[in-house]
Amino acid sequence: MSGPLLSASDLTVRFGGLVAVNKVSFDVQRGEVFTIIGPNGAGKTTVFNLISRIYQPTAGNIRYEGEDLVAQPPHAVAALGIARTFQNIELFEFASVLQNLLIGTHTHRRTSLWQDILFTGATRRAEIHARRKAEEVIDFLSLQRYRDMMVAGLPYGVRKVVELARALCAEPKLLLLDEPSSGLNVEETDDMAWWIQDIQRDLGITVLMVEHDMSLVSKVSDRVLAMNQGEVLALGTPEEVQSHAGVIEAYLGSTDDLSSLRRSAA
Amino acid sequence: MRFIFKTDYDQDIRIVKHDGQAFWYGLLGLSLLAAPWLLSEYMLAQLVFVLIYATVGLGLMLLAGFTGQFSIGHAAFLGVGAYTQAVLTNAGWPFPLALACAGTLSAIVGIVIGVPALRVKGIYLGIATLAFGFIVEEGLARWESVTGGNAGLHVKSPAMFGWTLDSNTEFYFLCLVVVVLSTLAILNLLRSPTGRAFVAIRDSEISAQSMGIHLARYKTMSFALSAGLAGLGGALYAHKIKFLSPEQFNIVQSIDLLLMVVVGGLGSVHGVFLGAIFLITMPQLIAMGKDYLPDSVGQSPGLQAVVYGVVLVAFVMFEPHGLYGRWLKMRTYLQMFPFYRAGMFKRQKAFQKSDRLK
C-alpha cells in the first residue's frame, strides 16, 4: 500500500478553555523516524495521546493506513499495529520482565477464556510462540540478565529499555516513543540511539517519537516537526528545523525580548 | 538457593517448576487424601471449613490480588451461591448440577455488579460493592417465599440419583475436589494471556489498554470468575452449615473474606490457603487464650473482633505481603544462611507515580 502510514490533519484538542493542540497536520511516511520537538507544554504528548486514542480530538482526524483511527476504541489501537511507550514509564511493576514482555504480545492472543482455564494445547502452543517472540526481543535489546527480575526492583535506565521491549513484543508497524532518552545518562542515550536506528533499519518499523535531546534527535531522525503552544512551527530535516528562526525563538526567546530585558536591567 | 537451568519453553510454562515442588505437593496431596482416617471428626470439620473458605478466597484473590479491584461485598456472592444450592438441593436436584447452577448464577450476579463497577475505582468501588452487599443481604431477608427470610432455611445433604453424601468423609472429598479443580483453574489462568491481562490491569490500566487489553471486558471477566468461585464456596458452605439465614452473609462475613486474602498475602495463590487456615484457626486460638485472660477481657463479647482488627492492622503495617510473604522470607533466610540481608525483599520506591492508587 502506498501513501503515508499515518496522517493527521487539522488535529485540534481543547481542554475547557485551553487549546492544547491547534490545527496540527503532518504525515508520517513508512519506514522513517519522525520526531516531534518543542518546549514544555507544546502539546507533543497530547498528540501522542490522540494517536493512542486516550484523548478524543475536538476536531480534525487521524488516518492510519488510510483508515479512520479516531473511530477506533483505545484498546483496538494496538491490534492495528501501533505500540507506544510512556514518558513516565508505565510498566507492570509487580511482574517480572518476561511477564511484561508477554503482556506486550497480548494483541496477538487467539485463545479464549475457556481454553486458558483448561490450559489446552492451543494455549500451550500460543504461550510457547509468545515466549519465542519475547526471547527475540530480549536478544535484540540485550535484556537477558533481567529476564526473571521484578520490574519494581530495576534501575530507571533498564526500565526504559524494558518498556521499549514490551512495545516491540506487540510487533508494531508504528512505534510511538514518548521521550525515550529522558532520565538516561549519556551512555544509555547513545544505546537508545543505536536501538532506534536498528528498529528502523533491521525491523523496518516506522518510529514516531517525542524527544528533547537534540543530539539524539539529529542522530536518528529523518524528519522533525517543531511545535510550540499547540501549533506547528516548522517541519523538515533536523538541520532545517534547528536553524529555523521560529524554533530558536520558541526555545531561547527572541532578540527583542533579550534587548528589552537588558534595558530593564540597566 | 535453587537455580533452575531452563532448556525449553515448556519448563517455563509448567505448573510444577522442579522436583522439590513435585515431592512436597505430592506429599501434601497424599496427606489430604488420607486426612479422614488420620484426623479426628472435629479436625476434619475444621479442614472442610478451610477448603470452603479457600474456594471463596481464590475468587476474591483473583479479583483483589490479581486484578486490583477490591470488593467489600463478597459475602453477597457467597450468599447467592449458598441460597441457590439450598433451594435447588431441597427441590431434589442432583448436587453437581446444583453446584454448577450456584456458581453460574453467582457469576451472572457478578457481571451485573461488575458492569457499573467498571466506572469506579479504588475506594469508590469498595463503597459500591459494600452497598451491593447490603442490598443482597436485605433481599435474602425479604424474599421469604424462596429464602425463608429471617426464619432461615434448612439445607438437605447433597444427593445424586439415590446416592446421598451424608457422611463427613464423603462431603470432605467433595470439597477437596472442588478446591483442587478451582486452584488448577486459577493457576492455569495465571500462566495464560487472560491472567496476565488481569495483572496488567492491576499494575497500570493506561498501559494495559495501550497493549490492546479491553479493560471493561477483562474487569467484567474477573468479577464474574471471582463471584462464580465465591458462589461455589457458598454452595459448599450451605451444606456444611445446613441452616442458612441472611445475617451469615452480612458485612462482617465480607470483611472476614477480605481479611483472609490480605493476611494470607495479596497476589499469591498460596496466600489464599494460608489465609483460610488463619481465618479458621484464629477463633479457636482466641477461645483457648480466653481462659488465661482476666474475665473482664476474656469474657467480653467483642474480643474476637478486636483481635482480628489488630491482626489486620499489624499485617498491613509490618507485613504487607501477608503470611506467604513471611514464609518466603523465612525460606530465603534458611536457604541463604548466613548471607540473608534485611532489605532483600524491600521494594524500591516507584520512580514516578501517575494516576494509580498504590
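As the structure is a prediction and not an experimental result, all values here were calculated from the model.

1. Let's talk about the overall build of chain B
And then number 1: Counting its regular elements, chain B contains 16 helices and four strands.
And then number 2: Against the globule reference of 21 Å for 358 residues, chain B gives a C-alpha radius of gyration of 21 Å, in line with a compact fold.
And then number 3: Along the longest, intermediate and shortest principal axes, the C-alpha atoms of chain B span 60 × 50 × 50 Å.
And then number 4: Relative to its 358 residues, chain B shows a buried fraction of 42%.
And then number 5: If you take every contact in chain B between residues at least 6 apart in sequence, the share linking residues at least 24 apart comes to 75%.

2. Details of the overall build of chain A
And then number 1: Of regular secondary structure, chain A possesses ten helices and ten strands.
And then number 2: Taken over C-alpha atoms, the radius of gyration comes to 20 Å for chain A, in line with the 18 Å a tight globule of 266 residues would show.
And then number 3: Each of the three principal axes of chain A carries a C-alpha extent, and together these read 75 × 40 × 35 Å.
And then number 4: Restricting to contacts in chain A with at least 6 residues of sequence separation, those with at least 24 account for 66%.

3. What to know about the environment of A:S218
Residues and elements named next belong to chain A.
And then number 1: Mapped onto the elements, S218 comes out in helix α7 (residues 214–220).
And then number 2: Exposure remark for S218: the 15 C-beta atoms within 10 Å place this residue in the partly exposed category.
And then number 3: When the C-alpha atoms of S218 and E239 are compared, they prove to be 7.5 Å apart, with 21 residues separating the residues in sequence.

4. A closer look at the confidence of the model for chain B
Residue and element names in this part refer to chain B.
And then number 1: Averaged over all residues, the pLDDT of chain B equals 86, while 95% of them reach at least 70.
And then number 2: When the criterion is pLDDT under 50, residues 348–358 qualifies, and its contacts beyond four places in sequence or with other chains add up to twelve contacts.
And then number 3: Here the predicted complex carries an ipTM of 0.86, next to a pTM of 0.88.

5. Describing the interface of chain B and chain A
And then number 1: Taken together, the contacts link 32 residues of chain B with 38 residues of chain A.
And then number 2: Among the secondary structure elements, those contributing two or more residues to the side of chain B that touches chain A are α1 (9–13), α8 (168–190), α9 (193–203), α10 (205–210) and α11 (215–241) of chain B.
And then number 3: Ranked by the residues each element gives to the side of chain B that touches chain A, the list is headed by α9(B), at seven residues.
And then number 4: Class assignment for the residues of the side of chain B that touches chain A results in 15 nonpolar, 13 polar and four charged.

6. Thoughts on the packing of helix α5 (residues 95–117) of chain B against α11(B)
Residues and elements named next belong to chain B.
And then number 1: Between α5 and α11, the least distance of the axes is 7 Å, while the angle of their chain directions is 145°. In the packing of α5 onto α11, the handedness of the crossing is right-handed.
And then number 2: By residue class, the composition of the contact of α5 with α11 is 16 nonpolar, ten polar and one charged.

7. With respect to the sheet that holds strand β1 (residues 6–15) of chain A
All names here are of chain A.
And then number 1: On the basis of which strands lie adjacent, the open sheet formed by four strands has the order β2-β1-β4-β5 and antiparallel pairing. At either margin of the open sheet sits one strand with a lone partner, and together these are β2 (18–28) and β5 (67–68).
And then number 2: Sheet analysis places strand β4 (residues 59–64) next to β5, joined by two bridges and oriented antiparallel. Note that in β5 the partner of R63 across the bridge is D68.

8. Things to note about the nonpolar core
And then number 1: Membership of the largest hydrophobic core comes to 165 residues, with the highest contact counts inside it found for A:A165, B:Y53 and B:A276.
And then number 2: At 16 residues, helix α3 (residues 41–66) of chain B tops the list of elements feeding residues into this core.

9. A short note on the domain arrangement of chain B
Note on interface size: it is often stated as the accessible area lost on association of the parts.
All names here are of chain B.
And then number 1: When its domains are assigned, chain B resolves into domain 1 (1–38) and domain 2 (39–336).
And then number 2: Listed per partner, the contact involves seven residues of domain 1 and ten residues of domain 2.
And then number 3: Partitioned by chemical class, the residues of the side of domain 1 that touches domain 2 number seven nonpolar, no polar and no charged.

10. With respect to the pairing of strand β9 (residues 223–228) of chain A
Residue and element names in this part refer to chain A.
And then number 1: Pairing between strand β3 (residues 33–37) and β9: four bridges, direction parallel. In the strand pairing of β9, F34 is matched with R223.
And then number 2: Bridge analysis of β9 against strand β10 (residues 231–236) gives five bridges, and the strand direction is antiparallel. Its bridge partner being in β10, L225 is matched across the sheet by L235.
And then number 3: Two successive antiparallel strands, β9 and β10, enclose a turn made up of two residues, where Q229 displays a positive phi of approximately 45°.

11. Section: α3(B)
All names here are of chain B.
And then number 1: An ideal rise of 1.5 Å per residue puts 38 Å on 26 residues; α3 measures up with 36 Å between its terminal C-alpha atoms.
And then number 2: Largest kink in α3: about 35°, centred on L60.
And then number 3: Counting buried residues along α3, 20 of its 26 residues qualify, which places the element largely inside the surrounding structure.
And then number 4: Of the residues flanking the end of α3, it is G68, one or two places downstream, whose phi is positive at about 75°.

12. Observations regarding the sheet that holds β3(A)
Residues and elements named next belong to chain A.
And then number 1: Strands sit in the order β6-β7-β8-β3-β9-β10 across an open sheet of six strands; the sheet is mixed. In this open sheet, the two strands that pair with only one neighbour each are β6 (82–84) and β10. Along the sheet, successive strands turn relative to each other by an average axial angle of 15°, direction set aside.

13. Describing α8(B)
And then number 1: For α8(B), spanning 23 residues, the distance from its first C-alpha to its last is 33 Å, which sits close to the expected 33 Å at 1.5 Å a residue.
And then number 2: Those residues of α8(B) lying buried are B:Y172, B:C175, B:V178, B:V179, B:S182, B:I186 and B:L189.
And then number 3: Here the buried face of α8(B) lies against α3 (113–118) of chain A together with α2 (19–38), α3, α9, α11 and α13 (269–290) of chain B.

14. Notes on the domain arrangement of chain A
Residues and elements named next belong to chain A.
And then number 1: Domain boundaries in chain A define domain 1 (29–55 + 66–81 + 172–266) and domain 2 (90–171).
And then number 2: Each of domain 1 and domain 2 has a C-alpha centre, and the two are 27 Å apart.
And then number 3: Taken together, the contact between domain 1 and domain 2 spans nine residues of the former and nine residues of the latter.
And then number 4: The class makeup of the residues in the side of domain 1 that touches domain 2 is seven nonpolar, one polar and one charged.

15. As for the packing of α8(B) against α11(B)
Residue and element names in this part refer to chain B.
And then number 1: Taken N-terminus to C-terminus, the directions of α8 and α11 make an angle of 175°; their axes are 11 Å apart at the nearest point. Here α8 is positioned roughly antiparallel relative to α11, judged by the angle of their axes. Residues F171, C175, V178 and S182 of α8 form the contact with α11, whose participating residues are L229, L232, L236 and H239.
And then number 2: Considered class by class, the residues forming the contact of α8 with α11 number six nonpolar, two polar and no charged.

16. Digging into unusual backbone geometry
All names here are of chain A.
And then number 1: Notably, K23 is not glycine yet its phi reads approximately 45°, a positive angle.
And then number 2: At I89, a position not held by glycine, the phi torsion is positive, near 35°.
And then number 3: You can see I89 is positioned in the loop between β6 and α2 (97–104).
And then number 4: Classification of I89 as buried rests on a count of 22 C-beta atoms within 10 Å.

What counts, and at which threshold
Going along each chain's sequence as written, the residues are numbered from 1 onward. The order in which chains are written sets their letters, starting at A; the order in which ligands are written sets their numbers, starting at 1. Where local features are concerned, this predicted model is filtered to residues with pLDDT of at least 70; where side-chain atom pairs are given and counted, the filter is 80 or more; whole-chain, interface and lining totals use all residues. A run of H or I in DSSP becomes a helix once it reaches four residues, and a run of E becomes a strand once it reaches two; helices and strands are each numbered from the N terminus. Computation of the radius of gyration draws on C-alpha atoms, with the globule rule given as 2.2 Å multiplied by the number of residues to the power 0.38. Exposure criterion: with C-beta atoms placed from backbone coordinates, a residue whose C-beta has 20 or more other C-beta atoms within 10 Å is buried, one with 12 or fewer is exposed, and one in between is partly exposed. Throughout, a pair of residues is in contact if the C-beta atoms placed from their backbones lie within 7 Å. The predictor's confidence in any single residue is recorded as pLDDT, a number from 0 to 100. In this classification, the charged set is Asp, Glu, Lys and Arg, the nonpolar set is Ala, Val, Leu, Ile, Met, Phe, Trp, Tyr, Cys and Pro, and all remaining amino acids, among them Gly, are polar. Angles shown run from 0 to 180 degrees and are taken between the N-to-C directions of axes, each axis being a line fitted to C-alpha atoms and, for helices, limited to the stretch in contact. Put simply, a crossing is left-handed when the front helix is turned counterclockwise from the back one by less than a right angle, and right-handed when it is turned clockwise. Strands are treated as partners if at least two bridges between them are detected by DSSP. For our purposes the nonpolar core covers buried Ala, Val, Leu, Ile, Met, Phe, Trp, Tyr and Cys residues that link as a set through C-beta atoms within 7 Å. An automatic or database domain assignment is the source of the domain bounds shown. Helices are assigned an expected span. That span is 1.5 Å times one less than the residue count. The bend reported for a residue corresponds to the angle between axes fitted to the seven residues ending at that residue and the seven starting there. With respect to orientation, any angle under 35 degrees is reported as roughly parallel, any angle over 145 as roughly antiparallel, any angle of 65 to 115 as roughly perpendicular, and every other angle as oblique.

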